[in-house]
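# Descriptive analysis of the structure
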Amino acid sequence: PRRRPPDRWGMADARPMDVPSMESLTSIVSSALEARGVLAKIRAELRANVFAAIHEEEPPDASASPPALAAVRADSMGQVTLQLVHELLSSCGLDYTASVFLPEAGLDEAITPSRDSLARALGLSPPPK
């Protein structure tokens, strides 16, 4: 039998993986990445970037928000609640989710209150430092 000449990586007789092996490898890698939370983070980052790209072209219209959200934003404690949700997302490291939540909830990142301000607004003692 004739030997094949080396390919561009210098490997003679290198054969591509057969289809079942490639499918098996893909399944194993996907399962491992899912178990480590990597795929969920990639999906969240992708959603945040898609959302940002869409809203770069056309900023969200606050008047087009759902009636329930408009009612929450109209109430001072509702605004505190939205800010508290944002603080929870940020403190849990859900940065991509928080970045999508801000414009959807109609919050301005520049005026996001501190934890101390939120605690005072809720009638709680500020967290220990």
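In this report, the structure presented in the accompanying data block is examined. Owing to the predicted nature of the structure, the values given are computational and were not obtained by experimental measurement. Numbers given for residues are sequential positions, taken from 1 along each chain in its written order. This being a predicted model, a pLDDT of at least 70 is required before a residue's local features are given, and a value of 80 or more before pairs of side-chain atoms are given or counted; all residues contribute to the totals for chains, interfaces and linings. With hydrogens and water excluded, all non-hydrogen atoms of the structure serve as input to the side-chain values.

### Structural notes on the overall build of the protein chain
- Put simply, DSSP H or I for four residues or longer makes a helix, DSSP E for two residues or longer makes a strand, and each gets a number counted from the N terminus. Scanning the protein chain from N- to C-terminus turns up six helices and zero strands.
- Of the regular secondary structure in the protein chain, the N- to C-terminal order runs α-α-α-α-α-α.
- Each residue is placed in one exposure class: buried if its accessible area under a 1.4 Å probe, protein chains only, is under 20% of its type's maximum, exposed if it is over 50%, and partly exposed if it falls in between. By the burial criterion, 18% of the 129 residues in the protein chain qualify as buried.
- Expressed as a percentage of contacts within the protein chain between residues at least 6 apart in sequence, the contacts between residues at least 24 apart total 42%.
- Using a 1.4 Å probe, the Shrake-Rupley method yields the accessible areas, and only the shown protein chains count as cover for residues. As presented, the protein chain carries roughly 9900 Å² of accessible surface, and 60% of it is formed by carbon and sulfur atoms. In what follows, residue pairs with any heavy atoms lying within 4.5 Å of each other are defined as contacts.

### Considerations on the pattern of salt bridges
- One side-chain nitrogen of Lys or Arg within 4 Å of one carboxyl oxygen of Asp or Glu is enough to make a salt bridge. The final tally for this structure, using the stated rule, is two salt bridges.
- The closest approach of N and O atoms between R43 and E34, which form a salt bridge, is 3.2 Å.
- Judged by its relative accessible area of 40%, R43 falls in the partly exposed class.
- Its relative accessible area of 38% is what places E34 among the partly exposed residues.
- Among the ionic pairs, E87 bridges to R115, the shortest N-O distance being 2.6 Å. Separated by 28 residues along the polypeptide, E87 in helix α4 (residues 76–91) and R115 in helix α6 (residues 115–121) bring together distant segments of the chain.

### With respect to the environment of V100
- Mapped onto the elements, V100 comes out in helix α5 (residues 95–105).
- C-alpha of V100 to C-alpha of A52: the two residues are 48 residues apart in sequence and 7.7 Å apart in space.

### A few points about a nonpolar patch on the surface
- Like charges are joined within 9 Å and nonpolar side chains (Val, Leu, Ile, Met, Phe, Trp, Tyr) within 5 Å, but only among residues with over 30% relative accessible area and no salt bridge; these make up the patches. A surface patch of nonpolar side chains, amounting to about 330 Å² of accessible area, comprises M77, L84, L122 and L124.
- Positionally, M77 belongs in helix α4.

### Things to note about the nonpolar core
- Here, nonpolar core refers to any group of buried Ala, Val, Leu, Ile, Met, Phe, Trp, Tyr and Cys residues whose side-chain atoms link them within 4.5 Å. Grouped together as the largest cluster of nonpolar side chains are eight residues: L69, L82, L89, A98, F101, L102, A105 and L107.
- The set of elements that each furnish at least two residues to this core consists of α4 and α5.
- Among the elements that take part in this core, α5 stands out by supplying four residues, more than any other.
- If we ignore the near neighbours within four places in the chain, the residues touching L89 are L94, T97, A98 and F101.

### Considering α5
- Residues of α5 that are buried: A98, V100, F101, L102 and A105.
- Just downstream of α5 lies G106, where phi reads positive at about 80°.

### Describing the packing of helix α3 (residues 67–74) against α4
- As a rule, the C-alpha atoms of each element are fitted with a line to give its axis, helices using only the stretch in contact, and angles between N-to-C directions run from 0 to 180 degrees. Between α3 and α4, the shortest axis-to-axis distance is 5 Å and the interhelical angle comes to 105°. One way to sum up the angle between α3 and α4 is to call them roughly perpendicular. Judged by residue contacts, L69, V72, R73 and A74 of α3 engage S76, G78, Q79 and L82 from α4.
- Following the grouping adopted for this structure description, the nonpolar residues are Ala, Val, Leu, Ile, Met, Phe, Trp, Tyr, Cys and Pro, the charged ones are Asp, Glu, Lys and Arg, and the polar ones are all others, Gly among them. When the residues that make up the contact of α3 with α4 are grouped by side-chain class, the tally is four nonpolar, three polar and one charged. Note on terminology: angles under 35 degrees are roughly parallel, angles over 145 are roughly antiparallel, angles of 65 to 115 are roughly perpendicular, and the others are oblique.

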